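Each chain, letter by letter, is given below.
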Amino acid sequence: MKRIKTAIIGTGFMGRVHLEAVRRLGFVDVAAVAGTSAEKARALADAFGVEHATADYRSVLRSRDIQAVHICTPNAQHFEMASAALDAGKHVLCEKPLALTSAEAATLVTLAAAKGVRNATCHNLRYYPMVQQMRRMREAGELGDVLIAQGTYSQDWLLYDTDWNWRVEARHGGALRAMGDIGSHWCDMAEHVTGQSITSICADLATFHQTRKRPARPTKTFSGKSLKPGDCVDAPVDTEDFGSVLFHLGDRARGAFTVSQVSAGCKNRLSIEIYGTKASASWNQERPDELWIGHRNGGNEVVLKDPSLLAPAAAAYADLPGGHSEGYDDTFKQLFRRFYQSIPEDGVAAEYPQFAAGLRQMRVLDAVLASHRGRAWVEVAAD
Ligand code: SOE
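Residue positions are given per chain, counted from 1 along the sequence in the order it is written. Per-residue local features of the predicted model are confined to residues with pLDDT of at least 70, and side-chain atom pairs are confined, for both listing and counting, to 80 or more; whole-chain, interface and lining totals are unaffected and use all residues. No hydrogens and no water enter the side-chain calculation; it runs on all heavy atoms of the structure.

J.: Would you explain the pairing of strand β13 (residues 269-276) in this entry?
T.: Successive side chains on a regular strand alternate, one facing one side of the sheet and the next facing the other. Counting buried positions along β13 yields six of eight residues, so the element is predominantly enclosed. We treat two strands as partners when DSSP finds at least two bridges between them. Helix and strand definitions here come from DSSP, where helices need a minimum of 4 consecutive H or I residues and strands a minimum of 2 consecutive E residues; each element is numbered from the N-terminal end. Relative to strand β14 (residues 279-284), β13 runs antiparallel, the two being bridged by five bridges. Looking at β14, one finds that Glu 273 is bridged to Ser 282. Exposure classes here rest on a 1.4 Å probe applied to the protein chains alone. A residue is buried below 20% of its type maximum, exposed above 50%, and partly exposed in between.

J.: Whenever I open this one, the packing of helix α1 (residues 13-23) against helix α10 (residues 328-342) confuses me. Can you help?
T.: The interhelical angle for the contact between α1 and α10, taken along N-to-C directions, is 65°, at an axis separation of 9 Å. Crossing hand, α1 versus α10: right-handed. Where α1 approaches α10, its residues Phe 13, Met 14, Val 17, His 18, Ala 21 and Val 22 are matched on the opposing element by Tyr 328, Asp 329, Phe 332, Lys 333, Phe 336 and Tyr 340. Residue polarity follows a fixed list, in which Ala, Val, Leu, Ile, Met, Phe, Trp, Tyr, Cys and Pro are nonpolar, Asp, Glu, Lys and Arg are charged, and the others, Gly among them, are polar. Class assignment of the residues belonging to the contact of α1 with α10 gives a composition of nine nonpolar, one polar and two charged. With axes taken as lines fitted to C-alpha atoms, and helix axes fitted only over the stretch in contact, angles between N-to-C directions fall between 0 and 180 degrees. Helix crossings fall into two classes, left-handed where the near helix is turned counterclockwise from the far one by less than a right angle and right-handed where it is turned clockwise. By definition, residues are in contact when any of their heavy atoms lie within 4.5 Å.

J.: Even after reading the chapter, I still don't get the state of the cysteines, so can you show me in this structure?
T.: Each disulfide consists of a covalent bond between the sulfur atoms of two cysteine residues. Criterion for a disulfide: a pair of cysteine sulfur atoms at a distance within 2.5 Å. Here the structure, examined in full by the defined rule, presents zero disulfides. There is no disulfide at Cys 72, and the cysteine sulfur nearest it, in Cys 122, is 7.4 Å away. Given a relative accessible area of 9%, Cys 72 falls into the buried group.

J.: What exactly am I supposed to notice about the domain arrangement of the chain here?
T.: Assigned domains of the chain: these are domain 1 (4-124 + 350-354) and domain 2 (127-324 + 361-374). Just so you know, the domain bounds were taken from an automatic or database domain assignment. Averaged C-alpha coordinates put domain 1 and domain 2 at centres separated by 24 Å. The partner domain 2 presents 21 residues to the 21 residues of domain 1 that form the contact. Buried area: the accessible surface (1.4 Å probe) lost by two parts on joining, summed over both. Of the roughly 1600 Å² buried between domain 1 and domain 2, counting both surfaces, carbon and sulfur atoms make up 55%. One side-chain nitrogen of Lys or Arg within 4 Å of one carboxyl oxygen of Asp or Glu is enough to make a salt bridge. Seen at the junction of domain 1 and domain 2, the total is one salt bridge. Residue Lys 96 pairs with Asp 181 through a salt bridge whose shortest N-O separation is 2.9 Å. The definition of a polar contact used here is a pair of N or O atoms within 3.5 Å, where within protein one atom must be able to donate a hydrogen and the other to accept one, and adjacent residues in sequence count solely through side-chain atom pairs. The tally of links from domain 1 across to domain 2 stands at eight residue pairs in polar contact (both at pLDDT 80 or more). Tallied by class, residues from the side of domain 1 that touches domain 2 come to 11 nonpolar, seven polar and three charged.

J.: Honestly, the site of the ligand in this entry has me stumped. Any pointers?
T.: By convention in this text, a residue qualifies as near a molecule or strand provided that one of its non-hydrogen atoms is within 4 Å of it. If you check the shell around the ligand, you find 14 residues, and the closest are Lys 96, Gln 155, Asp 181, His 185 and Tyr 328. For the ligand, an oxygen atom lies 2.9 Å from a polar atom in the side chain of Lys 96. At a separation of 2.9 Å, an oxygen atom of the ligand approaches a polar side-chain atom of Tyr 328. Only the protein chains shown count as cover for residues, and the accessible areas themselves come from Shrake-Rupley with a 1.4 Å probe. Expressed as a share of its isolated accessible area of 310 Å², the protein-covered part of the ligand is 98%. If one sorts the elements of the shell around the ligand by residue count, helix α8 (residues 178-194) sits on top with three residues. Counted by class, the shell around the ligand contains seven nonpolar, four polar and three charged residues.

J.: Looking at this structure, I do not really get the packing of helix α6 (residues 129-139) against α8. What am I missing?
T.: Axis angle and axis distance: for two packed helices, these are the angle between their axes and the distance between the axes, and together they describe the pair. It is at 8 Å that the axes of α6 and α8 come closest, and there the two elements cross at 40°. In this view, α6 runs oblique relative to α8, as classed from their interaxial angle. Every residue of α8 that contacts α6 at Val 131, Gln 132, Met 134, Arg 135 and Arg 138 is listed here: Met 189, His 192, Val 193 and Thr 194. Split into classes, the residues belonging to the contact of α6 with α8 amount to four nonpolar, three polar and two charged. For this classification, under 35 degrees means roughly parallel, over 145 means roughly antiparallel, 65 to 115 means roughly perpendicular, and everything else is oblique.

J.: In this structure, what is going on with the packing of aromatic side chains? I would like to understand it.
T.: In this description, an aromatic ring pair is defined by two values, namely the gap between the centres and the angle between the planes. Any pair of Phe, Tyr and Trp rings, taking the six-membered ring for Trp, is counted once the centres come within 6.5 Å. Such a pair is stacked with planes under 30 degrees apart, edge-to-face with planes over 60 apart, and tilted for the rest. As enumerated under the stated definition, the model contains 10 aromatic pairs in all. Pairing Tyr 328 with Phe 332 gives two aromatic rings, centres 5.1 Å apart and planes at 75°, and the pair type is edge-to-face. In this pair, Tyr 328 and Phe 332 both sit in helix α10, four residues apart, roughly one turn of the helix. A relative accessible area of 24% places Tyr 328 in the partly exposed class.

J.: Where do I start with the side chain of Thr 152 in this structure?
T.: One can find Thr 152 in strand β7 (residues 146-154). Residue Thr 152 is classed as buried on the basis of its relative accessible area, which comes to 15%. In this view, Thr 152 contacts Trp 186, Thr 258, Arg 269, Leu 270 and Ser 271; residues no more than four positions away in its chain are not counted.

J.: How should unusual backbone geometry be read in this particular structure?
T.: Across residues other than glycine, the phi torsion is negative in most instances, and most of the peptide bonds are trans. Cis geometry marks the peptide bond from Lys 96 to Pro 97, where omega comes out at -10°. Residue position: Pro 97 is located in the loop between β5 (91-94) and α5 (102-115). Of note, the phi angle at Arg 375 is positive, near 45°, even though the residue is not glycine. Within the fold, Arg 375 resides in the loop between α11 (355-374) and β17 (378-379). On the basis of relative accessibility, which here comes to 68%, the residue Arg 375 falls in the exposed class.

J.: Whenever I open this one, the sheet that holds β5 confuses me. Can you help?
T.: Note: strands within a sheet are paired through backbone hydrogen bonds, in either parallel or antiparallel orientation. The parallel open sheet is built from six strands, whose spatial order is β3-β2-β1-β4-β5-β6. Strands with a single pairing partner mark the edges of an open sheet, and in this sheet they are β3 (52-54) and β6 (119-121). Taken over all neighbouring pairs, the strand axes of this sheet differ in orientation by 20° on average, direction set aside. Strand direction decides the pairing type here: β5 and β6, joined by three bridges, are parallel. The residue of β6 that forms the bridge with Val 92 is Asn 119. Across the sheet, helix α2 (residues 38-47) is in contact with β2 (28-34) and β3; its angle to β3 comes to roughly 160°.

Take a look at the structure:
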């Protein structure tokens, strides 16, 4: 395969995760890193031997050698950067949530189609091998008809009022923080695994810390745990710490999930349970190689990731044999491999979440916010 040159825009937690995952593909070179400052860009570039570093992401878009870009910046910058990258004819992979509003996301979907370039929203959590196994079991009818989907995406990195991150401020991350940041992952996975759409929602959000201690200097995602009180100032909070959602799924199924970034001991716990008319399945991101299978008339099972035991379409997402764990960073590799392999294959259907999938989750988030504000059930707008 002809080598592809790409660039990473964003030097925080996600910028580094994306850069490392791209480096593992074997046919893609990271030619440049762009950040909010030349120093931050150069620091990440030097850590991985990347030649170019810049504080001007548009200079990357002007480079004819660079065919694609990853947008790993705060959510409020996604629309401007993705639009500029598409206008420059780049293939674009953007972190979720795709934009701040459905209107912005819809514009990106239309522009990407008009430009005829590959586009992806980074709903990478689909690509744990055992999540794919759950999906393939449902597709094969092994769970029967889906009756219930339930679970949570819970973390604890924003538990204390001294924990701070750009996501806390709506002006940087959007009106929905926990729901936009990790709730979008849960909903994308629920729809991906069940093959059905969330059709209506009843949501209740809570902001437990009405003010937080904002650091005098920027902090990276998850790094706030090391700050001291003297480093901070009191700042008002306009986004939620927690949310709970009831939903209808497809024509018959029902569901419920919570999202939290203040649940002590939950480090990155996306848990999803699917209950069908024949059997059920349950998966937890903190034990990613295991899949629990529930039976009414037989012993329940815990299947440990072993490609030789998985459905072939699920085994395609496992690069290592049984007993060799594949985790969070591997999911980025699996998504990026399919994204970059699709670039030279004009007309081949994308095997990954495109901007349309990002728009889909923005529509779900719109309904969450409207339901919470109106304290009523809200229909999710159709695609
Ligand atoms: C922080 O909540 C975060 O890094 C999210 O932004 C990611 O999308 C998620 O995969 C892990 O947690």
